[in-house]
Amino acid sequence: LQHQESEAQLNKWASFVRKGKLAEKLFAQRHLSDIKWANSEQDRYEHWDMEGGLDGKTSKFDVKEMKKINRWDPKTQDVLAWIEGTNNGGNEGWIKGLADYIVFERTNSWLVVNREELFKFTWGKLREKGFPQGKKPYHIYDRSFWGKKDKTTLVPFKDIETLKDI
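Residues numbered from 1 in each chain as written. Predicted model: local features only at pLDDT ≥ 70, side-chain atom pairs only at ≥ 80, totals over all residues. Heavy atoms only, no water.

Colleague: How should I be thinking about the environment of G124 in this particular structure?
Modeller: Relative to the helices and strands, G124 is located in helix 3 (residues 115-129). Owing to a relative accessible area of 18%, G124 belongs among the buried residues under this scheme. Through-space distance from the C-alpha of G124 to that of Y138 is 9.6 Å; in sequence the pair is 14 residues apart. (Helix = DSSP H or I, 4+ residues; strand = E, 2+ residues; numbered from the N terminus. Buried < 20%, exposed > 50% of the residue type's maximum accessible area, 1.4 Å probe, protein only.)

Below, the structure written as structure tokens:
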């Protein structure tokens with residue numbers, strides 16, 4: 001039984017990876033020129049998926065497919081973005097990576113956001129609220145009870161859309 005559970009978990013993880021790679025390819029093929037794909041080290045440790053030309057400028061992009069709020073939710077949603085400050089291994093999350101822009105998949109579009117501006121905005125909101133814990137906007141959510149070391153926060157897309165470099 002334990003083998004079946006771990007195999008099912010691996011299949012589920014592979015499905016997440018395929019979905020993420022598909023979003024990356026769709027964005028790059030539709031919107032970038034002169035695409036250079038990150039290698040696995042750059043993707044994992046520098047947190048960027050591809051480098052390419054957009055609006056006459058070459059930049060690095062980290063693409064985020066649409067997410068659910070809870071694992072058990074039946075569908076992805078287009079209201080809140082998960083922002084990763086610390087990853088599962090306890091290392092710096094993608095918001096602190098080397099991508100110039102974070103690309104969020106939306107229902108009918110892509111939202112391209114300056115990573116550094118998004119980081120400063122999110123950090124400011126967390127600091128303003130006193131770094132509360134929980135699974136709500138501008139609260140720090142962690143899964144330490146499952147042995148994970150990640151720290152994430154939810155940010156409404158309507159707030160992200162107010163940033164200058166989008």
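Colleague: Can you help me understand the packing of aromatic side chains in this one?
Modeller: To describe a pair of aromatic rings, you give the distance between the ring centres and the angle between the ring planes. Taken as a whole and assessed by the stated rule, the structure comprises nine aromatic pairs. Relative to Y141, the ring of W82 has its centre 5.8 Å away and its plane inclined at 45°; by these criteria the two rings are tilted. You can see W82 sitting in strand 4 (residues 80-86) and its partner Y141 sitting in strand 7 (residues 141-142), a full 59 residues away along the chain. Using a relative accessible area of 16% as the deciding quantity, one classes Y141 as buried. Seen from their ring centres, F104 and F157 are 5.5 Å apart, and the 80° between their planes marks the pair as edge-to-face. On the criterion of sequence distance, the pair formed by F104 in strand 5 (residues 101-105) and F157 in helix 4 (residues 157-160) is long-range, its members being 53 residues apart. Just as F104 is buried, F157 falls in that class too. Grouping aromatic residues by their ring pairs yields a cluster made of F27, F61, Y101 and W110. (Phe/Tyr/Trp six-rings, centres within 6.5 Å; stacked < 30°, edge-to-face > 60°.)

Colleague: Is there a simple way to explain helix 3 in this structure?
Modeller: Three or four residues apart is the spacing at which side chains of an α-helix point the same way, because the helix has 3.6 residues per turn. Relative to the 21 Å expected for 15 residues at 1.5 Å per residue, helix 3 spans 21 Å between its end C-alpha atoms, a close match to the ideal helical length. Taken together, the buried positions of helix 3 are occupied by R115, L118, F121, T122, G124 and L126. At the N-terminal boundary of helix 3, the capping side chain belongs to N114, with an oxygen 3.0 Å from the backbone nitrogen of E116. Directly beyond the C-terminal end of helix 3, a positive phi value near 85° is found at G130. (Expected span 1.5 Å × (residues − 1). Polar contact = N/O pair within 3.5 Å; in protein donor to acceptor, adjacent residues only side chain to side chain.)

Colleague: It is not clear to me how the environment of K64 should be interpreted in this structure. Could you clarify?
Modeller: Tracing the backbone through its elements, the reader meets K64 in strand 3 (residues 57-64). Note: C-alpha distance between K64 and D49 (15 residues apart in sequence) is 9.9 Å. Engagement of the side chain of K64 in a polar contact is seen with the side chain of D62, the distance being 3.2 Å.

Colleague: What is the right way to look at the layout of surface pockets in this model?
Modeller: In this approach a probe as big as a water molecule rolls over the atoms, and the regions it shows empty are the leftover space. The volume enclosed by the second largest pocket comes to roughly 190 Å³. As for the second largest pocket, its lining consists of 14 residues, of which G85, K96, W123, L126 and K151 are closest to the centre. (1 Å grid on protein atoms, 1.4 Å probe; cavity = no way out; pocket = protein on both sides within 12 Å on 5 of 7 lines; lining within 4 Å. Points joined across faces, edges and corners; volume = space filled by probe spheres on them.)

Colleague: Help me out: how do you make sense of the nonpolar core in this one?
Modeller: Side chains of a nonpolar character, in soluble globular proteins, are inclined to be buried together. Ranked by size, the top nonpolar core spans 18 residues in total, and within it I83, F104, V113, L118 and I160 carry the most contacts. Contact partners of I83, with chain neighbours within four places excluded, come to W94, I95, F104, L118, T122, K151, T152, T153 and V155. Counting residues in hydrophobic clusters, the runner-up holds 11 residues, among them A28, F61, V63 and W110. (Core = buried A, V, L, I, M, F, W, Y, C linked by side-chain atoms within 4.5 Å. Contact = heavy atoms within 4.5 Å.)

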